[in-house]
Amino acid sequence: MELLTQYKESVRDTWSTGDYDAMLREEGLYEAGARLVRTVAVQPGDDVLDVACGTGNATIPAAAAGARVTGLDLTPAMLAIARERAGDREIEWVEGDAEDLPFPDMHFDVVLSTFGCMFAPRHEVVADEIARVLRPGGRIGLCAWTPEGSIGEFFRVVGGYVPPAPEFVDPPLAWGDEDHVRELFEGTGIELEFSRELAGLHHESPEAAANCYGTKFGPVMLARQALGDRWPALRNDLIDLFTRDGSPSGTGVVLPSEYLVIQGRTSGGAVSQ
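Source: prediction; values computed, not measured. (Residues numbered from 1 in each chain as written. Predicted model: local features only at pLDDT ≥ 70, side-chain atom pairs only at ≥ 80, totals over all residues. Heavy atoms only, no water.)

This part covers the overall build of the chain. When you go through the chain residue by residue, the secondary structure sums to 11 helices and eight strands. Relative to its length of 273 residues, the chain is compact, with a C-alpha radius of gyration of 18 Å against a globular reference of 19 Å. Taken over the C-alpha atoms alone, the chain extends approximately 55 × 45 × 35 Å along its principal axes. Sorting the 273 residues of the chain into buried and exposed places 54% on the buried side. Relative to all contacts within the chain whose residues are 6 or more apart in sequence, the contacts with residues 24 or more apart total 74%. The distance from the centre of the 22 positive side-chain charges to the centre of the 44 negative ones in the chain is 4 Å. (Helix = DSSP H or I, 4+ residues; strand = E, 2+ residues; numbered from the N terminus. Rg over C-alpha atoms; globule rule 2.2 N^0.38 Å. Buried < 20%, exposed > 50% of the residue type's maximum accessible area, 1.4 Å probe, protein only. Contact = heavy atoms within 4.5 Å. Lys, Arg positive; Asp, Glu negative; His and termini not counted. Charge placed at Lys NZ, Arg CZ, Asp CG, Glu CD.)

Considering the arrangement of structural elements, one finds R122 in the loop between strand 4 (108-114) and helix 6 (123-132). Sequence separation between R122 and L4 is 118 residues, and the spatial gap between their C-alpha atoms is 9.8 Å. Ignoring anything within four residues of it in the chain, the contact list for R122 reads L4, K8, E99, F168 and D170.

For helix 8 (residues 178-185), the full list of buried residues reads H180, V181, L184 and F185. All buried residues of helix 8 project into a common sector of 125° when viewed along the axis, lining one side. Residues of helix 8 that are exposed and point over 90 degrees away from its buried face: D179 and E183. Of the surrounding secondary structure, the elements contacted by the buried residues of helix 8 are helix 6, strand 5 (134-145), strand 6 (190-203) and strand 8 (252-266). Structurally, the start of helix 8 carries an N-cap: the backbone nitrogen of D179 is 3.3 Å from a side-chain oxygen of D177. Looking one or two residues past helix 8, G187 carries a phi angle of roughly 85°, positive in sign. (Arc of directions from axis to C-beta. Polar contact = N/O pair within 3.5 Å; in protein donor to acceptor, adjacent residues only side chain to side chain.)

This is how it looks when you write it as structure tokens:
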């Protein structure tokens, strides 16, 4: 348990580093949260929880749809940015752990997570917590990068330069595997459906993309600090990735990045389309 606590503290420090909001704005990734809210058909009056909400990717669009929304994240720095982005929208921001949600059973109509809960270390614990706080007839909408997609390759490239995670940490990209997710929610009463979407990550050039991650994305920033004179090798590998997999656009380069959309509803209703 002590090792788990230490790991979560390190994760909190990692995501406090850099400027995640600036990175998402540069890449255009906030659209994924708005798209998820539309896909799950969040309605006025829904009680919505956004797990590992970060800087409010899905939280703020859910509030804009008229829902009563709670955004939960492990990292206070992320929540501070989310509050600022939300302006005067009535959203409850809670510092908390996706593996130990501080809410009663059957408390929410909708649970969302956009590239968030996939980074919690114990996937089955997270799935059980999501199911616990969901009301009968409630629904979930989760986004996770797929192992086969460009971001899957991105994490493998970076992973080749940093120490492996502890053995008790489930790999984040496993959330992008349908069979793995089915196993996680087996026995919870949540009926699942899957689809795949593409996010187009925008940068001025492959070099600008590598610089963006090296100066704004906490995990890569810390890797850069630890690598010292080995950083140029990782930077070159990231440039190669965007050069190889990216597509030219009118304003630079776009990296098509596949992610899995996980929809579900507790027994008794069809999944929203």
